[in-house]
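# Inside the fold
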Amino acid sequence: MPVPGGANLPYSAAKLKQILEERVSAPLEVVIVKNAWTVLRQTRFKDGRRRVRVHEIFLDAPIDVLLAIGDWVRKPTKAANLVLDTYVLGCHDRIRALTPPTPIRTRGKNIDLAPIFLKLQKQYFEKTIDCNITFGDAPGASRRGRRAIQYGVYDSVKKLIRIHPVLDEPWISRAFVEFIVFHEMLHAALGVEIDLDGRRAHHPPRFRALERAFDRYEEARKWEDVNFNKILRAAREVTQIR
Ligand SMILES: [Zn+2]
């Protein structure tokens, strides 16, 4: 059954709820949010209720995008994610304008990220990387399967690299910290699609090849291999107190 689109835009919250409930075939609590970096979030309660938080940018989205939200709510699929990613990419400026900036903290107890970033900018990127860097939690890290820790993350909406605070520990190799910052700067340089569920990795072979351009690549990887368990344990402690 076709759902009326174009002429009725923008949708009201009630209309959006109706479209989503029809697509999902289940009652939903729909909350429209404005100042959030997470554009979609679903909570399933023990009593069976489902709450979907939907960013305001979707209120004037084309109907296929709204149907993709319904599919995503039911069960995320590649097709639905692609439709949503593409739409959200086009809304970055609006999302940025609606959301207060994240506080930036480049200086830890032992490491200052700012000079590392500047050095790498000059050495590898001809100062073309346009983003900020800060220490902070990497969301979704604990859910990642292959790696139990995410050392850093590049957020293309906020134009922000977040580095896991465990890398501020005094025993962490300097080459390794620089390598992680370099890795995230590569993401910024190559452009990363927004990641709605925080689970996809964007490391095609080209990325892996460029990664090896880092001058202390072997040293950093070897240090990680030897110290991986220690980093993991420390990361858990760091995370717990935050
Ligand atoms: Zn990466």
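For the structure itself, look to the data block above.
Description of the structure in this document. In every chain, residue numbers begin from 1 and rise along the written sequence. Only residues with pLDDT of at least 70 are given local features in this predicted model, and only at 80 or more are side-chain atom pairs given and counted; all residues enter the totals for whole chains, interfaces and linings.

## What to know about the overall build of the protein chain
When helices and strands are tallied, the protein chain shows 8 helices and 6 strands. This entry defines residue contacts through backbone-placed C-beta atoms, with two residues in contact when those atoms are within 7 Å. Counted over contacts in the protein chain with a minimum sequence separation of 6, partners at least 24 positions apart contribute 65%. Secondary structure elements follow DSSP: runs of H or I of four or more residues count as helices, runs of E of two or more count as strands, with numbering from the N terminus.

## Quick look at unusual backbone geometry
One non-glycine residue, Glu-126, lies in positive phi territory at about 50°. Tracing the backbone shows Glu-126 in the loop between helix 5 (113-124) and strand 4 (132-135). Any residue whose C-beta has 12 or fewer other C-beta atoms within 10 Å is treated as exposed, any with 20 or more as buried, and any in between as partly exposed, C-beta atoms being built from the backbone. Residue classification places Glu-126 among the exposed positions, given that 8 C-beta atoms sit within 10 Å. Backbone geometry places Lys-127, a non-glycine residue, at a positive phi of 55°. Mapped onto the fold, Lys-127 is located in the loop between helix 5 and strand 4. Given 8 C-beta atoms within 10 Å, Lys-127 falls into the exposed group.

## What to know about the sheet that holds strand 4
The sheet built from 3 strands is open, its strands ordered 4-6-5 with mixed pairing. Of all the strands in the sheet, just strand 4 and strand 5 (152-155) have a single pairing partner and so form its edges. In this sheet, adjacent strand axes meet at a mean angle of 20° when their direction is disregarded. Think of it this way: DSSP has to see at least two bridges between two strands before they count as a pair. In terms of strand pairing, strand 4 meets strand 6 (residues 160-163) through 4 bridges, oriented parallel. Within strand 6, the position partnered with Phe-135 by the bridge is Ile-163. Only the contacting stretch of a helix is used when fitting its axis, a line to C-alpha atoms as for every element, and angles between N-to-C directions run 0 to 180 degrees. Across the face of the sheet, helix 6 (residues 174-190) comes into contact with strand 4, strand 5 and strand 6 while running at roughly 20° to strand 5.

## So, the sheet that holds strand 3 (residues 50-55)
The strand order across the open sheet formed by 3 strands is 1-3-2, and the pairing between neighbours is mixed. Strand pairing shows two members of the sheet lacking a second neighbour, strand 1 (29-33) and strand 2 (40-44), which therefore form its edges. Mean inter-strand twist for the sheet, computed between neighbouring axes without regard to direction, equals 15°. Across 5 bridges, the pairing between strand 2 and strand 3 is antiparallel. Its bridge partner being in strand 3, Arg-41 is matched across the sheet by Arg-53. Contacting strand 1 and strand 3, helix 1 (residues 13-24) runs over the sheet at an angle of about 135° to strand 1.

## Regarding the environment of Arg-44
Along the chain, Arg-44 turns up in strand 2. C-alpha of Arg-44 to C-alpha of Leu-28: the two residues are 16 residues apart in sequence and 9.9 Å apart in space.

## Let's talk about the packing of helix 2 (residues 63-74) against helix 3 (residues 78-89)
The geometry of helix 2 relative to helix 3 is characterised by a closest axis approach of 9 Å and an angle of 130° between their N-to-C directions. Taken together, helix 2 and helix 3 sit at an angle that is classed as oblique. Helix 3 is crossed by helix 2, and the crossing has left-handed handedness. Contacts between helix 2 and helix 3 pair Asp-64, Val-65, Ala-68, Ile-69, Asp-71 and Trp-72 from the former with Ala-80, Val-83, Leu-84 and Tyr-87 from the latter. In this count, Pro and Cys sit with the nonpolar residues alongside Ala, Val, Leu, Ile, Met, Phe, Trp and Tyr, while Asp, Glu, Lys and Arg are called charged and the others, Gly among them, polar. A per-class count over the contact of helix 2 with helix 3 returns 8 nonpolar, no polar and 2 charged. What sets the label is the angle itself: under 35 degrees gives roughly parallel, over 145 gives roughly antiparallel, 65 to 115 gives roughly perpendicular, and the rest give oblique. Handedness of a helix crossing follows the sense of rotation of the near helix relative to the far helix, less than a right angle counterclockwise being left-handed and clockwise being right-handed.

## Quick word on the nonpolar core
By convention the nonpolar core is taken to be a set of buried residues drawn from Ala, Val, Leu, Ile, Met, Phe, Trp, Tyr and Cys and joined through C-beta atoms within 7 Å. Ranked by size, the top nonpolar core spans 28 residues in total, and within it Leu-167, Val-177, Ile-180 and Val-181 carry the most contacts. Those elements giving two or more residues to this core turn out to be helix 5, strand 5, strand 6, helix 6 and helix 8 (217-240). The element contributing the most residues to this core is helix 6, with 9 residues. Ignoring sequence-local partners within four residues, the contact set of Leu-167 consists of Ile-111, Tyr-151, Ile-172, Val-177 and Ile-180.

## Brief notes about helix 1
For a helix, the expected span equals 1.5 Å multiplied by the residue count minus one. Taking 1.5 Å of rise per residue, 12 residues should cover 16 Å, and helix 1 covers 16 Å from first to last C-alpha, within 8% of that figure. On its buried side, helix 1 packs onto strand 1, strand 3 and helix 2. Backbone geometry just after helix 1 places Ser-25 at a positive phi near 60°.

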